[in-house]
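Reading the structure
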Amino acid sequence: MEAVYAVCVGLLTSAGIFLCLRGRTFPVVLGLTMLSYAVNLFLFSSGRLKLDGAAILGTSYTYADPLPQALVLTAIVIGFAMTAFVVILAMRARADLGNDHVDGRLPPQPETKTRRKKDQA
């Protein structure tokens, strides 16, 4: 169980980093969201995974740590607000610049044979 959990956190982290390094804004937003999910899972696992662990004292013999649950709940709210802010920022940049590249410039286009023939004529 712990190995599957760790692999899932690792995959979310690596996919988030890969998407954050893309040149367009929408994959960057998705990458930041995936990274926040990975951090939430990591915080949740810091309280040790327990089956049938109660969060309320006196209801079970084993207890779950409520602090990681509170941290994850807070991180979800903050992550949602930051994702909404980044999406609005990306939409504003798209409207002002006319493209959705992260740096605001279009990448250089490679020359094709038809362009060279038109330039020579």
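Residues numbered from 1 in each chain as written. Predicted model: local features only at pLDDT ≥ 70, side-chain atom pairs only at ≥ 80, totals over all residues. Heavy atoms only, no water.

Within the element layout of this structure, His 101 appears in the loop between α3 (66-97) and α4 (113-120). Using a relative accessible area of 13% as the deciding quantity, one classes His 101 as buried. Discounting chain neighbours no more than four positions away, the residues touching His 101 are Gly 23, Arg 24, Thr 25, Leu 106 and Pro 107. (Helix = DSSP H or I, 4+ residues; strand = E, 2+ residues; numbered from the N terminus. Buried < 20%, exposed > 50% of the residue type's maximum accessible area, 1.4 Å probe, protein only. Contact = heavy atoms within 4.5 Å.)

So, on to the environment of Val 9. Relative to the assigned elements, Val 9 resides in helix α1 (residues 2-20). Residue Val 9 is classed as buried on the basis of its relative accessible area of 14%. A sequence separation of 33 residues divides Val 9 from Phe 42, and the C-alpha atoms of the two residues are 6.9 Å apart. Excluding anything up to four places from it in sequence, Val 9 contacts Ala 38, Leu 41 and Phe 42.

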